[in-house]
Amino acid sequence: MPASPCETGCVQHSAEVGVLRAGLRAASALSILAAYPFAHIVTPPSRRSVVQRKFAGMLLRSCGIRLRVVDRRGGDGRALFAPSGTGVLVACGHIGWADIIVLASVQPLAFVARADLIDWPLLGRLARIMRVVPIERERLRQLPEVVEQVGQRLVAGERIGFFPEGTTWCGRAYGKLRPAIFQAAVDTGTPVQPVRLRYLDRHGHRSTVPGFVGDDTLIGSVTRVLRARGLTAEVVLAPVEQPGIDRKDLARRCERAVRAEELSDAAHAVLAAADRQLTKAVAAPA
């Protein structure tokens with residue numbers, strides 16, 4: 001089972017806004033969450049993606065979080081995961097509940113997410129609208145069914161986001177990208193978009209305030225974010241990785257892309273050597 005050593009002690013204390021401002025943020029966020037299902041129903045299907053992105057952006061701003069997108073793919077400058085109707089698997093590190101809102105603010109996604117998210121107040125209704133692919137971490141025998149479902153939706157041209165670490169980390173430490181869901185991209189020949197996500201404080205330093213780890217409660221985490229001053233979510237779109245024929249190799253390549261600015265030169269050398277060994281093994285006769 002994926003496990004994180006991060007605890008609530010990893011979450012730092014930062015500059016806070018006043019109680020009144022935090023209350024206004026909370027009221028604004030609740031209003032947006034309550035209004036979105038109605039907007040989804042009255043919007044024509046062809047326009048729902050645009051509406052969802054706008055609502056996600058408004059929700060992010062109502063929580064006091066700014067969005068910064070850095071596109072390193074060398075494309076046309078449009079900060080999207082993929083063109084509409086093009087299937088892509090989006091792999092991102094996992095810090096907390098705000099990650100889903102941040103990624104949806106770049107471009108709407110369906111997500112592979114914990115099954116009990118469906119039962120959460122307000123967020124559960126939002127998850128159903130976003131057609132979340134539920135996964136029960138305690139029932140890993142169902143994993144092949146989840147992989148198959150993700151693959152079918154990728155073939156249908158959907159954008160599917162997932163968090164291959166399998167659990168949340170504080171934002172300073174991070175875990176290994178697990179290869180299981182990458183199999184859906186390998187099976188369907190779907191490219192993978194690696195995403196590096198981090199949260200910064202008002203001084204530009206890495207912040208762990210949005211971390212949802214250890215014994216933290218959802219209410220406690222939400223309150224901490226609403227009271228934070230000057231939070232920025234930075235999304236870095238790394239070059240797209242082609243699926244290849246081995247999910248472990250694909251996971252390793254995506255991990256290198258996501259951690260590109262955090263790994264030392266020595267670590268890069270180790271990963272490169274591992275890639276060469278894997279290439280030789282795959283090319284060798286059975």
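Sequence order as written defines residue numbering, which begins from 1 separately in each chain. Local features in this predicted model are restricted to residues whose pLDDT is 70 or higher, and side-chain atom pairs enter the listing and the counts only when it is 80 or higher, whereas totals over whole chains, interfaces and linings include all residues. Side-chain measures were taken over the full set of non-hydrogen atoms in the model, leaving aside hydrogen atoms and water.

1. Examining the packing of aromatic side chains
Ring pairs (aromatic) are described by centroid distance and by the angle formed between their planes. Going by this rule: Aromatic rings from Phe, Tyr and Trp, with only the six-membered ring used for Trp, were paired whenever their centres fell within 6.5 Å, and each pair was classed as stacked if the ring planes differed by under 30 degrees, edge-to-face if by over 60, and tilted otherwise. Helix and strand labels come from DSSP, where a helix needs a run of H or I of at least four residues and a strand needs a run of E of at least two; each type is numbered from the N terminus. Each residue's exposure class comes from its accessible area (1.4 Å probe, protein chains only) as a fraction of the maximum for that residue type: buried when under 20%, exposed when over 50%, partly exposed otherwise.
This structure, assessed with the given rule, holds three aromatic pairs. Residues Tyr36 and Phe55 carry aromatic rings whose centres are separated by 5.3 Å and whose planes lie at 55° to one another, so their mutual orientation is tilted. With Tyr36 in helix 1 (residues 19-42) and Phe55 in helix 2 (residues 48-62), this pair connects stretches of sequence that are 19 residues apart. For the pair Tyr36 and Phe55, a shared accessibility class is recorded, and that class is buried.

2. Observations regarding empty space enclosed by the protein
Note the cut-off: Here a cavity is any set of points on a 1 Å grid over the protein atoms alone where a 1.4 Å probe fits but cannot get out, and a pocket is any open set with protein on both sides within 12 Å along at least 5 of 7 lines; a residue lines the site when it has an atom within 4 Å of a point. Grid points are joined across faces, edges and corners, and a volume is the space filled by probe spheres set on the points.
The tally for this structure, following the rule as stated, stands at two cavities of 30 Å³ or more. Roughly 130 Å³ of volume is contained in the largest cavity. For the largest cavity, the full set of lining residues is Ile32, Leu33, Tyr36, Gln52, Phe55, Ala56, Leu59, Ile100, Ile101, Ala104, Leu126 and Met130. Every element with two or more residues in the lining of the largest cavity is listed here: helix 1, helix 2 and helix 3 (98-106).

3. Here we look at the state of the cysteines
Test applied: Note on terminology: pairs of cysteine sulfur atoms within 2.5 Å are recorded as disulfides.
Summed over all chains, the structure comprises zero disulfides. There is no disulfide at Cys6, and the cysteine sulfur nearest it, in Cys170, is 3.7 Å away.

4. Some words on the nonpolar core
For soluble globular proteins, nonpolar side chains are generally found buried alongside one another. Test applied: In this text, buried Ala, Val, Leu, Ile, Met, Phe, Trp, Tyr and Cys residues form a nonpolar core when linked through side-chain atoms within 4.5 Å. Working rule for contacts: check all heavy atoms of both residues, and any pair within 4.5 Å makes them a contact.
Membership of the largest hydrophobic core comes to 48 residues, with the highest contact counts inside it found for Ile65, Phe81, Leu103 and Val195. In terms of residue count, the dominant contributor to this core is helix 3 (six residues). The residues contacting Leu103, other than those within four sequence positions of it, are Phe81, Cys92, Leu109, Phe111, Phe163 and Val195. Judged by nonpolar contacts, the second largest core, of 22 residues, contains Ala91, Val112, Val150 and Ala184.

5. Concerning the pattern of salt bridges
Going by this rule: Salt bridges, as used here, are contacts in which a Lys or Arg side-chain nitrogen is within 4 Å of a carboxyl oxygen on Asp or Glu.
Scanning the entire structure with this criterion turns up nine salt bridges. Between Glu165 and Arg259 there is a salt bridge whose closest N-O contact spans 2.8 Å. Pair noted here: Glu165 is in the loop between strand 5 (159-162) and helix 6 (182-188) and Arg259 is in the loop between helix 8 (247-258) and helix 9 (265-283), with a separation of 94 residues, a long-range link. For Arg259, a relative accessible area of 7% gives the class buried.

6. Side note on the sheet that holds strand 3 (residues 110-114)
Filter applied, for reference: Here, strands pair whenever DSSP counts at least two bridges between them. Angles here are taken between N-to-C directions and fall from 0 to 180 degrees, while the axes themselves are lines fitted to C-alpha atoms, restricted in helices to the stretch in contact.
A sheet is described by the order of its strands in space; here seven strands give the open sequence 1-7-6-2-5-3-4, paired in mixed fashion. If you trace the sheet from one side to the other, it starts and ends with strand 1 (65-71) and strand 4 (133-135), each paired once. Averaged over all neighbouring strand pairs, the angle between strand axes comes to 25°, with direction disregarded. In terms of strand pairing, strand 3 meets strand 5 through two bridges, oriented parallel. Among the inter-strand pairings, Ala110 is bridged to a residue of strand 5, identified as Ile160.

7. Thoughts on the layout of surface pockets
Selection rule: Residue polarity is assigned by list, with Asp, Glu, Lys and Arg as charged and Ala, Val, Leu, Ile, Met, Phe, Trp, Tyr, Cys and Pro as nonpolar; anything else, Gly included, falls into the polar class.
In this structure, the largest pocket encloses a volume near 1100 Å³. Along the wall of the largest pocket there are 44 residues; nearest its centre are His94, Arg114, Arg137, Gly166 and Thr167. Secondary-structure elements contributing two or more residues to the lining of the largest pocket are helix 3, strand 3 and helix 4 (123-129). It is strand 3 that provides the largest number of residues to the lining of the largest pocket, a total of four residues. Here the residues of the lining of the largest pocket are counted per class, giving 29 nonpolar, seven polar and eight charged. Its boundaries defined by the atoms lining it, the second largest pocket holds a volume of some 590 Å³. Lining the second largest pocket are 21 residues, and of these Arg48, Ser49, Gln52, Pro108 and Arg159 sit closest to its centre. No other element matches helix 2, which puts five residues into the lining of the second largest pocket. The residue inventory of the lining of the second largest pocket, partitioned by class, reads eight nonpolar, eight polar and five charged.

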